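Chains, contacts and geometry: an overview
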Amino acid sequence: MIRKLKKYSIILFLNIAKALFSPFVKIDRSLVLFSSLNGAFTDNTKYLYLAMLKNKGFKAFYVAHDINTYNLLKKQNLPVIKIGFGMFFKAIKAKFFITTHNFQDVYYVKNKKTLVVNLWHGTPLKKMGFDTFIDAKKFYLKKKLGLFEHKYIDYLCVASSYTINAFKSSFGLPTKKILPTGQPRNDLLFYCKQDPLLALNIKESVKKKLGISAKKIALYAPTFRDKHTCRVNLIRELQNIFTSHEIELIVKLHPLDKDIAYFKQPDIDIQELLIASDILVSDYSSVFFDYSILERPIVLFLYDIEEYKDLRNGFYLDIESLPFYKCYSLNEIKESLTNIFENYKKDEIGKFAQKFNRSGCASCRIIKFLQKIAKN
């Protein structure tokens, strides 16, 4: 409670300072500030930021929230700043804030002339926002209190045109603000699909970092549960099943998952883990939309589907129609592994990937769009 009061006091103070100074500050049309949830160097902002650094028309900075992220980028000679009072004038001069969640991940306040470009962090399968009761209560309350973050989104970049309606209803955004650019983080997956040697080099690098000797790797990447039930034993049994098939199972839990405390999380970008993996095991997470680009086997482990569906008011897609293996128990997982690499629906997965992931360089599209805005 004290921490929240301190945060709101800082925001109030900075809003007063912004009101006093911003009329006298000239926006720098080339200045772009990036960040992701809690200032981590990850996801779509990471990949767009790295792409933008190659473009001399922009001055891009990543905003780190902690000293480890700051030092990581500083060590690589990448332009980085630490969030805090010291970056106030840079923040109110920026033409663009680019984030995966909300603008306050970049800075606590923004100039009204600063545009917020939200890259989001996935393609929705499960209902979210105003479309599900569990989120809608919070969203409506924030709207009433004037604290609704999504109202500050000027442009939302999504994976493909097929996801526009889901974001339109769940965020309450007009269609004109939603751009089907593709996701910058998936540029790497498209490159690896076209260049098997690049994919192999990434796989060997991941195996070396994690000390993996097995020929085949599986990645288990489930989403979090709004209603927590401990799944530690379930995951351990899952690991044993894959080990018995001479497949190394890497566990990468959602940052909000409480079971994360029981599993050491690989300190490797998840896009690299996807490339290194021969098979993906997931559930209602958006990660399978990304992985489908590689046209490799996908297993959806749906042991709690009825409970999850009720809690989330359903899904945006018919999960049973997806071209992946659907398993509802550990025994079904065990059975599926006997011939999955020979019998999975590669062509159908490829068609699914084309439908839900705009191919090509998403970063290039977004940068061209921002250049156009900056010039006008």
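Here, every reference points to the structure presented above.
The structure reproduced in this document is the subject of the present report. (Residues numbered from 1 in each chain as written. Predicted model: local features only at pLDDT ≥ 70, side-chain atom pairs only at ≥ 80, totals over all residues. Heavy atoms only, no water.)

Looking at the pairing of strand β1 (residues 28-34)
So the rule is basically this: The cut-offs for exposure are 20% and 50% of the maximum accessible area for each residue type, with area from a 1.4 Å probe on protein chains only; residues under the lower value are buried, those over the upper are exposed, and the others partly exposed. Each helix is a run of DSSP H or I of at least 4 residues and each strand a run of E of at least 2, with the numbering of both proceeding from the N terminus. At least two DSSP bridges between two strands are required for those strands to pair.
Counting buried positions over the seven residues of β1 gives six, a clear majority of the element. The pairing of β1 with strand β4 (residues 94-99) spans four bridges and is classified as parallel. If you follow Asp28 over to β4, its bridge partner there is Ala94. Summarising the sheet, β1 and strand β2 (residues 59-64) pair through four bridges and their orientation is parallel. Across the sheet, the residue bridging to Leu33 is Phe61, located in β2.

Notes on helix α2 (residues 43-52)
The element α2 is largely enclosed, with a buried count of eight among its ten residues. Regarding α2, the residues found buried are Asp43, Asn44, Thr45, Lys46, Tyr47, Leu48, Tyr49 and Met52.

Things to note about the sheet that holds β1
So the rule is basically this: Residue contacts are counted whenever heavy atoms from the two residues lie within 4.5 Å of one another. Axis lines are fitted to C-alpha atoms, over the contacting stretch for helices. Their N-to-C directions set the angle, which ranges from 0 to 180 degrees.
Pairing within the open sheet is parallel, and its seven strands lie in the order β3-β2-β1-β4-β5-β6-β7. Each edge of the sheet is formed by a strand with only one pairing partner; in this case those strands are β3 (80-82) and β7 (178-179). Both strand β5 (residues 115-118) and strand β6 (residues 155-157) contribute to a ladder of two bridges, which runs parallel. Along β6, the bridge assignment pairs Asn118 with Leu156. Seen against the sheet, helix α16 (residues 362-375) touches β1, β4, β5, β6 and β7 and runs at an angle of roughly 155 degrees to β4.

Brief notes about empty space enclosed by the protein
Defined as follows: Put simply, the grid is 1 Å and covers the protein atoms alone, a cavity is a trapped set of points that fit a 1.4 Å probe, a pocket is an open set with protein on both sides within 12 Å along at least five of seven lines, and lining residues have an atom within 4 Å of a point. Grid points are joined across faces, edges and corners, and a volume is the space filled by probe spheres set on the points. Amino acids outside the nonpolar list (Ala, Val, Leu, Ile, Met, Phe, Trp, Tyr, Cys, Pro) and the charged list (Asp, Glu, Lys, Arg) are all regarded as polar, and Gly is one of them.
Across all of its chains, the model carries three cavities of 30 Å³ or more by this definition. Each pocket or cavity is described by its volume, and for the largest cavity that value is around 70 Å³. Along its surface, the largest cavity is lined by Arg225, Lys227, Thr229, Asp304, Glu307, Tyr308 and Leu311. Counted by class, the lining of the largest cavity contains two nonpolar, one polar and four charged residues. Space inside the second largest cavity adds up to approximately 40 Å³. What lines the second largest cavity is simply Ala159, Gly182, Gln183, Asn186, Asp187, Phe190, Asn357, Arg358, Gly360 and Ala362. For the lining of the second largest cavity, the class distribution of residues is three nonpolar, five polar and two charged.

Let's talk about the pattern of salt bridges
Stated precisely, the cut-off is as follows: By definition, a salt bridge exists where a carboxyl oxygen of Asp or Glu is found within 4 Å of a side-chain nitrogen of Lys or Arg.
The final tally for this structure, using the stated rule, is 14 salt bridges. A salt bridge links Asp135 to Arg312; the nearest nitrogen and oxygen atoms lie 3.1 Å apart. With Asp135 in helix α5 (residues 133-145) and Arg312 in the loop between α12 (305-311) and β12 (325-327), the pair connects residues that are 177 residues apart, well separated along the chain. Salt-bridge contacts for Arg185 lead to Asp290; the nearest nitrogen and oxygen are separated by 2.8 Å.

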